[in-house]
Amino acid sequence: MYRRTALRALRREIAEVLAPDAWYLKRGLTAPVAKSALEGRHLVAARRIGKEVLLDTSGDGPVLGLHFGMSGKLLVDGQAAIDKLEYVAGTERPAWDRFGLRFADGGDLVMRDSRRLGAVELDPDEGRWGVDASVVRPAELRDLLGTSQAPLKARLMDQTRLAGIGNLLVDEMLWRAGLDPARAAGSLDPAELRRLHRHLHTTLEQLMERGGSHTGDLHHARERGSLCPRDGAPLLRRTVGGRTTYSCPVHQR
Ligand SMILES: [Zn+2]
């Protein structure tokens, strides 16, 4: 429900960050930092993991992590999700608004939390959720792909199943593994599964060493009209699993 509510906040320009409660900001985040990191950007995707909503931001913006405690509510344009676990009754006061984004179109996103058990952070450690991608075993990877007809890329980025793989990382590892991001997740044969597992680990390891997900070999080719760094074929630019995707039509099958 949180995610469904958050979807209404996507693609709207953030005009102002409202962070009246400094205690609600975690891991060193301050109101000025939140403002400079978020104002002028858009939210581009909403993911939910348990009581956490992760909002990806436009450009090279940070991931905005909203953690909802027992009493936390998410409102977009004044409307809340209908949450079955919600038991806060009676009147609500704006004093309980802990964090908000005001959009350029006049609407807003607000976290309302009477008991102050929630939190807001930037770039949360996504390894907290799902199976940590850096330690996933071959059998676990096979099970989470299962017989799914969803695109391979979408399944690998599903943070409730496999945590820690973002858009750049998944394109890089599938490019290295020679697998088409749009293929059905459940269509890999045992040899392809082993290859994917191997490249998943080496890609994560190498890119962490190099300094992040933007340090991949495919990364500098992420622009229109560019060529595959491996075989020189014109790269394909598509939307797969809702995200901009670069792949090679020649060596990724
Ligand atoms: Zn290629």
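Everything quoted here is computed from the prediction, not taken from an experiment.

Explain the nonpolar core to me, using residue names and the numbers behind them.
Counting 29 residues, the largest nonpolar core has Leu66, Phe99, Leu101 and Leu109 as the members making the most contacts within it. Among all residues touching Phe99, those that are not within four sequence positions of it are Val17, Leu18, Ala19, Tyr24, Leu25, Leu38, Leu64, Leu66, Leu109, Val110, Met111 and Val120.

How would you summarise the sheet that holds strand β8 (residues 108-113) if you had to cite specific residues and measurements?
If you walk across this open sheet you meet the five strands as β1-β7-β8-β5-β6, and the pairing is antiparallel. The open sheet is flanked by β1 (14-18) and β6 (79-80), the only strands paired with a single partner. Judged from the five bridges that link them, strand β7 (residues 97-103) and β8 form a sheet pairing that is antiparallel. Opposite Phe99, over in β8, you have Met111 as the bridge partner.

So what's going on with the coordination of the zinc ion? Which residues, and what values?
Bound to the zinc ion are the protein donor atoms Cys228 (SG), Asp231 (OD), Asp231 (OD), Cys248 (SG) and His251 (ND1), situated 2.1 to 2.7 Å from the metal. Mapped onto the sequence, the residues coordinating the zinc ion show the spacing C-x2-D-x16-C-x2-H. Look at Cys228 and you get buried, because its relative accessible area is 3%. Under the relative-accessibility criterion, Asp231 is labelled partly exposed at 34%.

Run through the environment of Gly164, naming residues and quoting values.
Its place among the elements puts Gly164 in the loop between β11 (162-163) and α5 (167-177). Remark: the alpha-carbon pair of Gly164 and Asp113, spanning 51 residues in sequence, is separated by 28 Å.

Report on the sheet that holds strand β2 (residues 43-49), specifying residues and quantitative values.
Overall, antiparallel pairing links the four strands, which are arranged β2-β3-β4-β9 in an open sheet. Either end of the sheet is taken by a strand with one partner, and the two such strands are β2 and β9 (119-122). For this sheet, the mean inter-axis angle between neighbouring strands, taken without regard to orientation, is 20°. Pairing between β2 and strand β3 (residues 52-57): six bridges, direction antiparallel. Of the residues in β3, the one forming a bridge with Arg48 is Val53.

Mind laying out the environment of Arg238, listing which residues take part and the relevant values?
Assignment of secondary structure puts Arg238 in strand β12 (residues 236-240). Here Arg238 is in contact with Asp180, Pro181, Ala182, Arg243, Thr244, Thr245 and Ser247, once residues within four sequence places are set aside. Among the polar contacts listed, one links the side chain of Arg238 to the side chain of Asp180, at a separation of 3.1 Å. At 2.9 Å, the side chain of Arg238 forms a polar contact with the side chain of Ser247.

Describe helix α3 (residues 138-145), with residues and values.
Since there are 3.6 residues in each turn of an α-helix, residues three or four apart along the chain are aligned in direction. Of the residues making up α3, those classed as buried are Leu141, Leu144 and Leu145. Looking straight down α3, one finds its buried side chains confined to an arc of 100°; they lie on one side. Elements that come into contact with the buried residues of α3 comprise α4 (152-156), β11 and α6 (190-210). Phi for Gly146, located one or two positions after α3, is positive at around 55°.

Could you give an account of the confidence of the model for the chain, with specific residues and numbers?
Any residue range with low pLDDT should be treated as having predicted coordinates unsuitable for detailed reading. Confidence in the prediction for the chain averages 89 pLDDT; 92% of positions are at 70 or higher. Per-element confidence in the chain ranges from a low mean pLDDT of 77 for strand β10 (residues 131-132) to a high of 97 for β1. Predicted confidence for residues 83-89 stays below pLDDT 50, and this span has nine contacts to residues more than four positions away or in other chains.

I'd love a proper account of α6, names of residues and values included.
A rise of 1.5 Å per residue sets the reference length of α6, with its 21 residues, at 30 Å; its end C-alpha atoms lie 30 Å apart and thus fit the reference within 8%. Turning to α6, its buried residues are Glu192, Leu193, Leu196, His197, His199, Leu200, Thr203, Leu204 and Leu207. Of the surrounding secondary structure, the elements contacted by the buried residues of α6 are α3, α4, β11 and α5. The backbone nitrogen of Ala191 has a side-chain oxygen 3.1 Å away, supplied by the residue at the start of α6, namely Asp189. Looking one or two places after α6, you find Gly211, whose phi comes out positive at around 120°.

Here is what the cut-offs are and how they apply
Residues numbered from 1 in each chain as written. Predicted model: local features only at pLDDT ≥ 70, side-chain atom pairs only at ≥ 80, totals over all residues. Heavy atoms only, no water. Core = buried A, V, L, I, M, F, W, Y, C linked by side-chain atoms within 4.5 Å. Buried < 20%, exposed > 50% of the residue type's maximum accessible area, 1.4 Å probe, protein only. Contact = heavy atoms within 4.5 Å. Pairing = 2+ DSSP bridges. Helix = DSSP H or I, 4+ residues; strand = E, 2+ residues; numbered from the N terminus. Donors = N, O, S within 2.8 Å, 3.2 Å for Na, K, Ca; no water. Axes fitted to C-alpha atoms, helices over the stretch in contact; angles between N-to-C directions. Polar contact = N/O pair within 3.5 Å; in protein donor to acceptor, adjacent residues only side chain to side chain. Arc of directions from axis to C-beta. pLDDT = per-residue confidence, 0-100. Expected span 1.5 Å × (residues − 1).

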